[in-house]
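Residues per chain, in single letters:
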Amino acid sequence: MKKLVTLLLVVAMMVSSVAMLTSCGNKTETAGADFKIGFIFLHDENSTYDKNFLDAAKEATAELGLKEEQVIFKTNVPEGNECYEAAADLADQGCNIVFANSFGHEPYMLKAAKEFPDVEFCHATGTTAHTEKVSNFHNAFASIYEGRYLAGIAAGMKLNEMIESGKITADQAKMGYVGAYTYAEVISGYTSFYLGAKSVCPSVTMEVQFTGSWYDEALEKEAATKLLSNNCVLISQHADSMGAPTACENAGVPNVSYNGSTAAACPNTFIVSSRIDWAPYFKFIIEAVEKGTEIPYDWCESFEAGSVKLTEVNEKAAAAGTAEAIEAAKAKLISGETKVFDTANFTVDGKTLESYKADVDTDANYEADTEVIADGYFHESEYRSAPYFDLKIDGITLLNSMF
């Protein structure tokens, strides 16, 4: 009997030890010891865009129990053949997955995917995976236009507060926006932000100043300064440095940032920020490779998957009730009651659109190929994950569009 009790105790201890090895706190041991994932970033943690990816990669790999030697980061990789070389090197180092985070990385990631068919190559903001159909090449994005719409509501409420206090008049409710390039991704972002603001402040207008760079602090600060000199009373951006937020803090002008809170550096002017949380996608692709399940050519998720997020509202700078208004609007987006690009809410050259073909299946000539307006709204990121909204709507003025 004593031997049986001893044996049962030993078995119980063994089971407990295995459980401890396979789970530590909230970590789950998903990937095997020979699994590796490599990340390629355009810049480093000094860029808010790249820092957002870096933080998500660290969060996802830590949660899945990957060790330091199983995760390889390559930062400051240009959008050129250097990306191919970085991708090939990661494949040679035994990475099962290679991920790159910038639009211009795409052709080099595709080249590497064709050369290393046993490695999964995943790419953010790309447009060609669904047409190339190379089995180990994938694109991913998220419906960030919905997050920007909510951030726009915060901006509109701040404008209303300024109008009600007498600081500005309704016809002075002009926002400024610092944009990187005239790509659909940027157009989709600033348009959804504007429409969010307009949904609560009908008199709002907006000016956009492009920089021709994803990350250039001096140019972004200069662009914001120009917008301020044009009497813009609130600034937002799709650019990756602290240039615009710093200009706003120095001028005492409200700012809605992107890819993370700037409250620490800009406590008096930062209102809120939207961002894509890439951790859900990183966990998805790691688990797919481990389980041998398929990674789709094109992946796009939103609030429900935790892929679109907003920071906490900075009550010091925001209008009263902003956080509650954002939550109420978010619920309507999730339920489908609100559509960001509802054609009843914007015009192009004074006209309401009933039809529009977008360049979804990107080719060398960037020709429009897909009808994207149906049921009264523009179906953004439904036919391809990366944005393709490229309309120039009324109420938004482009100060320069040569980039």
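Everything here concerns the structure above.
Caption draft 1: Representation of the sheet that holds strand E5 (residues 97-100). If you walk across this open sheet you meet the six strands as E4-E3-E5-E6-E7-E13, and the pairing is parallel. Of all the strands in the sheet, the pair left with one neighbour each is strand E4 (71-74) and strand E13 (298-301). Along the sheet, successive strands turn relative to each other by an average axial angle of 20 degrees, direction set aside. With four bridges joining them, E5 and strand E6 (residues 120-124) adopt parallel strand pairing. Bridge assignment links Val98 to a residue of E6, and that residue is Phe121. Those strands touched by helix H2 (residues 48-63) are strand E3 (37-40), E4, E5 and E6, and its axis lies near 175 degrees from that of E4. Contacts from helix H4 (residues 106-115) reach E3, E5, E6 and strand E7 (137-142), with the element oriented near 170 degrees to E6.

Caption draft 2: Main features of the nonpolar core. One finds Met175, Trp278, Tyr281 and Phe282 to be the most contacted residues of the largest nonpolar core, which totals 91 residues. In terms of residue count, helix H6 (residues 144-164) provides more of this core than any other element does, 11 residues in total. Not counting chain neighbours up to four residues away, the residues in contact with Tyr281 comprise Phe99, Cys122, His138, Asn139, Ala140, Ile295 and Trp299. In this structure, Cys83, Leu90, Cys95 and Leu110 belong to the second largest nonpolar core, which totals 23 residues.

Caption draft 3: Structural detail: the sheet that holds strand E12 (residues 270-276). Spatial strand order, E14-E12-E11-E10-E8-E9-E19: seven strands in an open sheet with mixed pairing. Every interior strand has two partners, whereas the edge strands, strand E14 (308-310) and strand E19 (396-398), have only one. Averaged over all neighbouring strand pairs, the angle between strand axes comes to 20 degrees, with direction disregarded. Bridge count between strand E10 (residues 234-238) and strand E11 (residues 255-258): two bridges; the pairing is parallel. Across the sheet, the residue bridging to Ile235 is Asn255, located in E11.

Caption draft 4: Region of interest: the packing of aromatic side chains. Following the criterion strictly, the structure yields 31 aromatic pairs and no others. Relative to Trp278, the ring of Phe99 has its centre 6.0 Å away and its plane inclined at 55 degrees; by these criteria the two rings are tilted. Of the two residues, Phe99 is situated in strand E5 and Trp278 in the loop between E12 and helix H10 (279-291); the sequence distance between them amounts to 179 residues. Classification of Phe99 as buried rests on a relative accessible area of 0%. Relative to Phe389, the ring of Phe341 lies with its centre 4.2 Å away and its plane at 15 degrees, an arrangement referred to as stacked. Taken together, the positions of Phe341 in the loop between helix H11 (322-335) and strand E15 (357-358) and Phe389 in the loop between strand E18 (377-378) and E19 put the pair 48 residues apart, joining distant regions of the chain. There is no split in this pair, since Phe341 and Phe389 are both buried. Between the NZ or CZ atom of Arg148 and the centre of the ring of Tyr258, over which it lies, the distance is 3.7 Å.

Caption draft 5: Spatial organisation of the pattern of salt bridges. Inspection of every chain in the model, using the stated rule, returns seven salt bridges. We note a salt bridge from Glu63 to Lys283, for which the minimum N-O separation is 3.2 Å. A residue pair is termed long-range when its members are at least 10 positions apart, and Glu63 in helix H2 and Lys283 in helix H10 qualify at 220 residues. With a closest N to O distance of 2.9 Å, Lys74 and Asp89 form a salt bridge. Highlighted residues: Lys74 in strand E4 and Asp89 in helix H3 (residues 81-92), separated in sequence by 15 residues. Taking relative accessible area as the criterion, Asp89 reaches 30% and is therefore assigned partly exposed. Salt bridges sharing common partners tie together Arg275, Asp277 and Lys309.

Caption draft 6: Structural detail: the pairing of E5. Every second residue of E5 is oriented toward a common face, with Ile97 and Phe99 on one face and Val98 and Ala100 on the other, all of them buried. As judged from the four bridges shared by E3 and E5, these two strands associate in the parallel manner. Pairing of Ile37 across the sheet is with Ile97, part of E5. As a crossover connection, the stretch from E5 through H4 into E6 is right-handed.

Analysis parameters
- Residues numbered from 1 in each chain as written.
- Predicted model: local features only at pLDDT ≥ 70, side-chain atom pairs only at ≥ 80, totals over all residues.
- Heavy atoms only, no water.
- Pairing = 2+ DSSP bridges.
- Helix = DSSP H or I, 4+ residues; strand = E, 2+ residues; numbered from the N terminus.
- Axes fitted to C-alpha atoms, helices over the stretch in contact; angles between N-to-C directions.
- Contact = heavy atoms within 4.5 Å.
- Core = buried A, V, L, I, M, F, W, Y, C linked by side-chain atoms within 4.5 Å.
- Buried < 20%, exposed > 50% of the residue type's maximum accessible area, 1.4 Å probe, protein only.
- Phe/Tyr/Trp six-rings, centres within 6.5 Å; stacked < 30°, edge-to-face > 60°.
- Lys NZ or Arg CZ within 6 Å of the ring centre and 35° of its normal.
- Salt bridge = Lys/Arg side-chain N within 4 Å of Asp/Glu carboxyl O.
- Right-handed = clockwise from strand over helix to strand, strands pointing away.

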